[in-house]
Amino acid sequence: MLLTAIEFSNVCKKYSKSEHNVVDHVNLTINEGEFITILGSSGSGKTTLLKMVNRMHEPSEGTITLFGEDIAMVDPVKVRRRMGYVIQQAGLFPHMTIAQNIAIVPKLLKWEQSKIDLKVNELLSLVGLEQREYRNRYPSQLSGGQQQRIGLARALATDPKIMLLDEPFGAIDAITRLNLQDELLRIHGGLKKTFLLVTHDINEAFKLGTRVIVMNEGKVSQFDTPRNIVQNPADEFVSSLIHSSREQERFWEGFV
């Protein structure tokens, strides 16, 4: 039986100076172990939806539950410590070594140093970086792709059940981006955690997502597997997304 990891029930978000809901009556159920991608253009509400899961934004209406527990009833700090969070710019502390960056939350939780050291080494291996070579480096000594790997390792440090990723590869070159997508799929497959990843790139959304949430103007246009979305687009907006992606493919065919 599938366990519900995250549930949105009639969730809305309206900012004080806005006339319209940024997120508009969203109802979704996400199962444990799924890799969910949230696809939409700028202003579609996708990042706001993600940030409500860790209470960086609070819903104006509705409820969000994690494993059956209403997060509005839980201290926001405790909610955030239960999940990993990765942003576009890795957000590493420049004055700390790589090992110190990964160890931030375990230190806050007062883990023993020996346990922290083991975890840092384990996570560096998991994200494909040699621990002897990288433990004592500083963020400025790493490439953008390597920094993003460290950001991912840091988010995984306390073994969270849920990982939130907000356009994590948006600022990275195309080749490194493809490599990191493959790495993320490998990591997700080995860990069986629930991943939510925001992107505006349809190819990334369909490559990574077991299911894809397509958002437009605050509403969910469609929530389904990539195959079902392509074969049965729910509305004109979804159809236009698929059409634009296919037009790009045709452009490259002209060079063959």
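Placed above this text is the structure.
For the structure given in this document, a descriptive report is provided here. All figures in this text were calculated on a predicted structure; none of them were measured in a lab.

### Some thoughts on the overall build of the protein
Scanning the protein for helices and strands turns up 11 helices and 10 strands. Each principal axis of the C-alpha atoms in the protein carries an extent, and together these give about 55 × 55 × 45 Å. Considering only contacts within the protein whose residues lie at least 6 apart along the sequence, 67% involve residues at least 24 apart. As displayed, the protein offers around 13,200 Å² of accessible surface, 51% of which is attributable to carbon and sulfur atoms. Placing the 30 positive and 30 negative side-chain charges of the protein at their respective mean positions leaves the two points 7 Å apart.

### Examining the nonpolar core
Counting residues in hydrophobic clusters, the biggest one holds 32 residues, and the most contacted among them are Ile102, Ile150, Leu152, Met163, Leu165 and Leu184. Taken together, the elements giving at least two residues each to this core come down to helix 3 (98-102), helix 5 (113-126), helix 7 (144-155), strand 7 (162-166), helix 8 (174-191) and strand 8 (194-199). For methionine 163, the contacting residues outside a window of four places in its chain are Gly84, Val86, Leu152, Ala155, Leu156, Lys193, Thr194, Phe195 and Leu196. The next biggest cluster of nonpolar side chains, apart from the first, holds 27 residues, and it includes Ala5, Ile30, Val53 and Ile162.

### Focus: helix 1 (residues 46-53)
Among the 8 residues that make up helix 1, 6 are buried, leaving the element largely enclosed by the rest of the structure. Among the residues making up helix 1, those that are buried are Lys46, Thr48, Leu49, Leu50, Met52 and Val53. After helix 1 finishes, the residue arginine 55 shows a positive phi value of roughly 60°.

### Points about the side chain of threonine 65
Along the chain, the position of threonine 65 falls in strand 4 (residues 61-66). Threonine 65 gets classed as buried once you look at its relative accessible area, which sits at 16%. Excluding residues that lie within four positions of it along the chain, threonine 65 makes contacts with Ala5, Ile6, Glu7 and Asp70.

### Some points on the pairing of strand 9 (residues 211-216)
The element strand 9 is extensively covered by neighbouring structure, given that 5 of its 6 residues are classed as buried. Joining the antiparallel neighbours strand 9 and strand 10 (residues 219-224) is a turn of 2 residues, in which glutamate 217 adopts a positive phi near 50°.

### Notes on the sheet that holds strand 2 (residues 23-31)
Across the sheet, which stays open at both edges, the 4 strands sit in the order 2-1-4-5 with antiparallel pairing between neighbours. Both edges of this open sheet fall to strand 2 and strand 5 (69-70), since each of them pairs with a single strand only. One ladder, built from 5 bridges, connects strand 1 (residues 4-13) with strand 4; its direction is antiparallel. What sits directly across from isoleucine 6, in strand 4, is leucine 66. Lying over the sheet, helix 1 contacts strand 1, strand 2 and strand 4, oriented at roughly 120° with respect to strand 1.

### Quick word on the sheet that holds strand 8
Pairing between the strands of a sheet comes from backbone hydrogen bonds, and it takes one of two forms, parallel or antiparallel. Here 6 strands make up an open sheet; going across it, the order is 6-7-8-3-9-10 and the pairing mixed. Among the strands making up the open sheet, the edge pair consists of strand 6 (83-86) and strand 10. Averaged over all pairs of adjacent strands, the angle between their axes in this sheet comes to 15°, without regard to strand direction.

### Observations regarding the packing of aromatic side chains
Per the stated rule, a full pass over the model turns up 4 aromatic pairs. Pairing phenylalanine 35 with phenylalanine 195 gives two aromatic rings, centres 5.2 Å apart and planes at 55°, and the pair type is tilted. Here the residue phenylalanine 35 occupies a position in strand 3 (residues 35-39), and phenylalanine 195 occupies one in strand 8, the gap between them amounting to 160 residues. On the accessibility criterion, phenylalanine 35 (1% relative accessible area) is buried. Cation over ring: lysine 115 sits above tryptophan 111, and NZ or CZ is 4.1 Å from the ring centre.

Rules used throughout
Residue indices follow the written sequence of each chain, beginning from 1 at its first position. A pLDDT threshold of at least 70 governs which residues receive local features in this predicted model, and a stricter bar of 80 or more applies before side-chain atom pairs are shown or counted, although totals over entire chains, interfaces and linings include all residues. Excluding hydrogens and water, the side-chain figures rest on all heavy atoms present in the structure. Strands are runs of DSSP state E lasting at least 2 residues, helices are runs of H or I lasting at least 4, and numbering of each runs from the N terminus. In this analysis, two residues are considered to be in contact whenever any of their non-hydrogen atoms come within 4.5 Å of each other. We get accessible surface area from the Shrake-Rupley algorithm with a probe of 1.4 Å; when it comes to residues, only the shown protein chains can shield them. When charges are counted, neither His nor the chain ends are considered; positive counts come from Lys and Arg and negative counts from Asp and Glu. To locate a charge, take NZ of a lysine, CZ of an arginine, CG of an aspartate or CD of a glutamate. For our purposes a nonpolar core is just a set of buried Ala, Val, Leu, Ile, Met, Phe, Trp, Tyr and Cys residues, chained together by side-chain atoms within 4.5 Å. Relative accessible area decides the class of each residue, using a 1.4 Å probe on protein chains only: under 20% of the type maximum gives buried, over 50% gives exposed, and in between gives partly exposed. Here, strands pair whenever DSSP counts at least two bridges between them. Under this scheme, a helix contributes an axis fitted over its contacting stretch, all axes are lines through C-alpha atoms, and angles between N-to-C directions fall in the 0 to 180 degree range. Two rings belonging to Phe, Tyr or Trp (six-membered ring only in the last case) form a pair when the distance between their centres is within 6.5 Å. Interplanar angles under 30 degrees mark stacking, angles over 60 mark edge-to-face geometry, and anything in between is tilted. Only Lys NZ and Arg CZ are tested; either one counts as a charge over a ring when it is within 6 Å of the ring centre and within 35 degrees of the ring normal.

Limitation: the analysis is restricted to geometry and does not speak to function.
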